[in-house]
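Structure at a glance
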Amino acid sequence: MKPGPTTPPPPLTGLKTLRLMTVGGVIAYRALFNWTRPSIFIGTLLVGPLFQLLFFAYLGRQLQVADDRFYIVGNAVLTATLACVFGGTLAVGNERRYGTLGHVLLSPRSRTVVFLGRALPYAGNGLFIAVVTLGVSSALLGLRIPAAAVPGLLLSMAVGSLACAFFGLTLGALGLRFRDVWVISNVAVALLLLLTGVNVPSGSLPGWMVTVGQFLPITHAAEAARRLAGGSGLSAAAPELGREALVGVGYAILAALLLKIFETESRRTASLDTL
Amino acid sequence: MLALGTLTHVKQMSHSPFEVTIALVVPIVQATLAVYLFRAGQEQHRLIEAAVGAGLMGVWSSVLFGSGGAIQNQRWQGTLEMIMLAPRRPVLVILPITVATGLTGTYSLLATLAWGRILYGIRLEFAHPFAFVVAAVVCIVALGMFGLLLASTFVLMRNANALANTLEYPIWLVSGMLVPITVLPAWTGPIAAVLPTTWGARALREATTGGPVWPAVGVCLGISVLCLVFGSISLTYVERRARAAATLALA
């Protein structure tokens with residue numbers, strides 16, 4: 001059936017696009033979390049990642065593979081993955097699960113902008129988790145971070161979280177094609193533990209794993225954060241931050257492309273809400 | 001009835017692509033991580049411990065998420081009322097589910113051992129092979145009983161999922177599955193001592209390396225029986241309360 005004649009929506013200006021991304025993203029984020037209690041947030045996104053960090057920090061201490069700074073700073077940046085990968089995945093996956101995907105795709109606005117906006121609150125969430133985890137674990141394990149490094153560390157964690165959220169959105173886009181996004185996101189989070197070099201120094205990993213890690217989020221952000229925490233200035237961390245930003249942009253473009261392709265394919269085969 | 005119930009639930013869980021994939025892939029990734037970490041730390045002689053530890057971590061994840069959500073899952077599937085209507089004590093109905101989560105968790109243990117042998121050439125030489133098998137069986141049954149306690153207490157909480165998400169790494173850490181308990185702060189000792197996971201992990205490690213296996217197996221069994229008793233009492237209480245308040249099918 002062909003759709004009836006409709007009035008085309010007015011073109012989006014830059015400000016309206018920004019509003020669609022931010023306000024739309026925040027509303028979608030609240031829809032996921034506003035009916036739950038803070039205990040879920042604290043337990044899942046703050047306590048769980050903290051213990052993940054402690055697990056690897058104590059393992060690292062016992063095996064004497066690297067010092068505390070390596071594990072604490074690296075894992076603190078990595079903790080953003082939980083919110084960003086699962087959040088980004090569910091930003092698309094839950095629309096399908098709750099039967100609202102069709103409504104979103106019927107929107108006369110750019111779905112690319114709508115979905116890219118979904119990733120922003122999760123990136124903010126990931127940044128918050130990383131900051132809390134770094135603060136608490138540093139206090140617990142006695143790591144001193146130079147005050148001058150704090151702004152750079154925040155920047156590293158922000159860039160890492162954003163890249164990770166777009167990575168999650170890319171996985172979420174796959175949810176339009178494949179049935180079970182939970183498998184994809186769970187395996188992805190586990191692989192990030194291994195391939196980002198956060199827990200095993202890259203010199204101890206096989207070359208191909210290091211190469212794959214270069215194209216994953218967090219790898220460069222964690223390295224930048226370690227340099228900053230070690231007292232190197234922002235100029236020393238800038239190249240790694242630039243690479244992390246590139247990775248993030250790459251995943252944002254990939255997510256937008258996949259969403260476009262799978263949306264078109266889902267419309268063509270009428271498989272939009274098929275679970 | 002317990003055996004048939006367990007078999008039924010193992011079959012059901014084994015048909016879930018999600019359960020099987022997660023039980024196989026995630027522990028293998030963790031085992032790979034452990035192998036490279038142990039190699040980096042010049043602890044090549046302990047690679048088999050790393051593989052066993054990573055496998056046991058997978059068993060715990062399976063029990064934690066499977067048993068913790070056992071009752072909730074039945075509720076979502078719409079089968080909770082039917083199984084609670086069975087003319088048997090609730091514990092006999094729920095225990096097979098929680099033991100089944102431990103049994104499906106053995107996929108993780110087997111996968112990490114096979115992975116270590118095939119890819120990293122880890123020689124599967126156990127100091128006490130027979131004791132290792134016994135310890136593995138006891139560990140799985142014990143975790144199933146611990147799972148019953150989790151299932152019966154988690155059902156009382158609205159936010160049980162959050163608690164389950166929170167408990168994965170702490171139990172891995174405190175039980176000494178990969179990190180020796182000796183490197184942890186002293187205050188974690190009493191917590192570790194009351195967890196069946198600690199004694200199960202110790203029994204498997206001793207059977208692998210050649211230490212005294214049976215004391216750890218005995219303590220693991222003892223704690224798991226306590227879990228069974230407390231889980232049974234809690235489950236009976238929950239069932240009566242849910243019947244009286246007509247909230248069995250409600251979250």
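Everything below is about the structure printed above this text.
Residues numbered from 1 in each chain as written. Chains lettered and ligands numbered in written order. Predicted model: local features only at pLDDT ≥ 70, side-chain atom pairs only at ≥ 80, totals over all residues. Heavy atoms only, no water.

Of regular secondary structure, chain B possesses 11 helices and zero strands. Reading the helices (α) and strands (β) of chain B from amino to carboxyl end gives α-α-α-α-α-α-α-α-α-α-α. Computed over its C-alpha atoms, the radius of gyration of chain B comes to 18 Å, within 12% of the 18 Å expected for a compact globule of 251 residues. If you line up chain B on its principal axes, its C-alpha atoms span 60 × 40 × 30 Å. In chain B, which comprises 251 residues, the proportion classed as buried is 57%. Pairs at least 24 apart in sequence give 79% of the contacts found in chain B among residues at least 6 apart. (Helix = DSSP H or I, 4+ residues; strand = E, 2+ residues; numbered from the N terminus. Rg over C-alpha atoms; globule rule 2.2 N^0.38 Å. Buried < 20%, exposed > 50% of the residue type's maximum accessible area, 1.4 Å probe, protein only. Contact = heavy atoms within 4.5 Å.)

With that settled, the discussion passes to the interface of chain B and chain A. Interface extent is often summarised as the accessible area lost during association of the parts. Of the residues lining the interface, 32 residues belong to chain B; the matching set on chain A comes to 33 residues. Buried area between chain B and chain A, both sides added, is near 3,000 Å², and the carbon and sulfur share of it is 79%. A per-residue breakdown of the area chain B buries against chain A is headed by Leu33, Leu37 and Tyr169 of chain B, which together make up 22% of the total. Remark: the boundary between chain B and chain A carries zero salt bridges. Elements supplying a minimum of two residues to the side of chain B that touches chain A: helix H2 (17-40) and helix H8 (160-174) of chain B. (Buried area = accessible area lost by both parts, 1.4 Å probe. Salt bridge = Lys/Arg side-chain N within 4 Å of Asp/Glu carboxyl O.)

Applying the stated criterion across every chain, the model contains 10 salt bridges over all chains. A salt bridge links Glu240 of chain A to Arg243 of chain A; the nearest nitrogen and oxygen atoms lie 3.0 Å apart. Taken as a pair, Glu240 of chain A and Arg243 of chain A lie in helix H11 (residues 234-269) at a separation of three residues, close to a single helical turn. Relative accessible area serves as the criterion here: at 11%, Glu240 of chain A is assigned to the buried category. The exposure class assigned to Arg243 of chain A is partly exposed, which follows from its relative accessible area of 39%. Here Arg243 of chain B makes a salt bridge to Glu239 of chain B, at a shortest N to O gap of 2.7 Å. Taken together, the residues span about one helical turn, with Arg243 of chain B and Glu239 of chain B both in helix H11 (residues 214-245) at a distance of four residues. On the basis of relative accessible area, Arg243 of chain B is assigned to the partly exposed category, the value being 48%.

Further remarks concern the nonpolar core. Side chains of nonpolar character tend, in soluble globular proteins, to be buried together. Membership of the largest hydrophobic core comes to 143 residues, with the highest contact counts inside it found for Phe55 and Leu59 of chain A together with Trp60 of chain B. The dominant element in this core, judged by the number of residues it contributes, is helix H2 (residues 38-63) of chain A, at 12 residues. Sequence-distant contacts of Leu59 of chain A, that is, excluding residues within four places in its chain, are made with Leu37, Phe38, Leu178 and Val179 of chain B. Of all hydrophobic cores here, the second largest spans 18 residues; its members include Met13, Met84, Val91 and Leu235 of chain B. (Core = buried A, V, L, I, M, F, W, Y, C linked by side-chain atoms within 4.5 Å.)

All names here are of chain B. Considered for burial, the residues of helix H4 (residues 70-77) that qualify are Ala70, Ile71, Gln72, Gln74 and Arg75. The inward-facing, buried residues of H4 contact helix H1 (2-14), helix H3 (47-68), helix H5 (80-85), helix H6 (90-120), helix H7 (129-154) and H11. Of the residues flanking the end of H4, it is Gly78, one or two places downstream, whose phi is positive at about 80 degrees.

This paragraph deals with the environment of Thr104 of chain B. All names here are of chain B. Positionally, Thr104 belongs in helix H6. Residue Thr104 is classed as buried on the basis of its relative accessible area, which comes to 8%. Along the sequence, Thr104 and His9 sit 95 residues apart, while their C-alpha atoms lie 9.4 Å from each other. Those residues in contact with Thr104 that sit more than four places away from it in its chain are Val10, Met13, Ser14, Ala23 and Ser62. In this structure the side chain of Thr104 is engaged in a polar contact, spanning 3.0 Å, whose partner is the backbone oxygen of Thr101. (Polar contact = N/O pair within 3.5 Å; in protein donor to acceptor, adjacent residues only side chain to side chain.)

It is worth spelling out empty space enclosed by the protein at this point. Residue and element names in this part refer to chain A. Under the counting rule described, the total for this entry stands at two cavities of 30 Å³ or more. Of the pockets and cavities examined, the largest cavity occupies roughly 60 Å³. Contributing to the lining of the largest cavity are Pro49, Gln52, Leu78, Thr79, Thr81, Leu82, Val189, Leu192 and Leu193. Counting residues per element, the ones that place at least two in the lining of the largest cavity are H2, helix H4 (80-97) and helix H8 (181-195). Tallying contributions element by element places H8 first for the lining of the largest cavity, with three residues. (1 Å grid on protein atoms, 1.4 Å probe; cavity = no way out; pocket = protein on both sides within 12 Å on 5 of 7 lines; lining within 4 Å. Points joined across faces, edges and corners; volume = space filled by probe spheres on them.)

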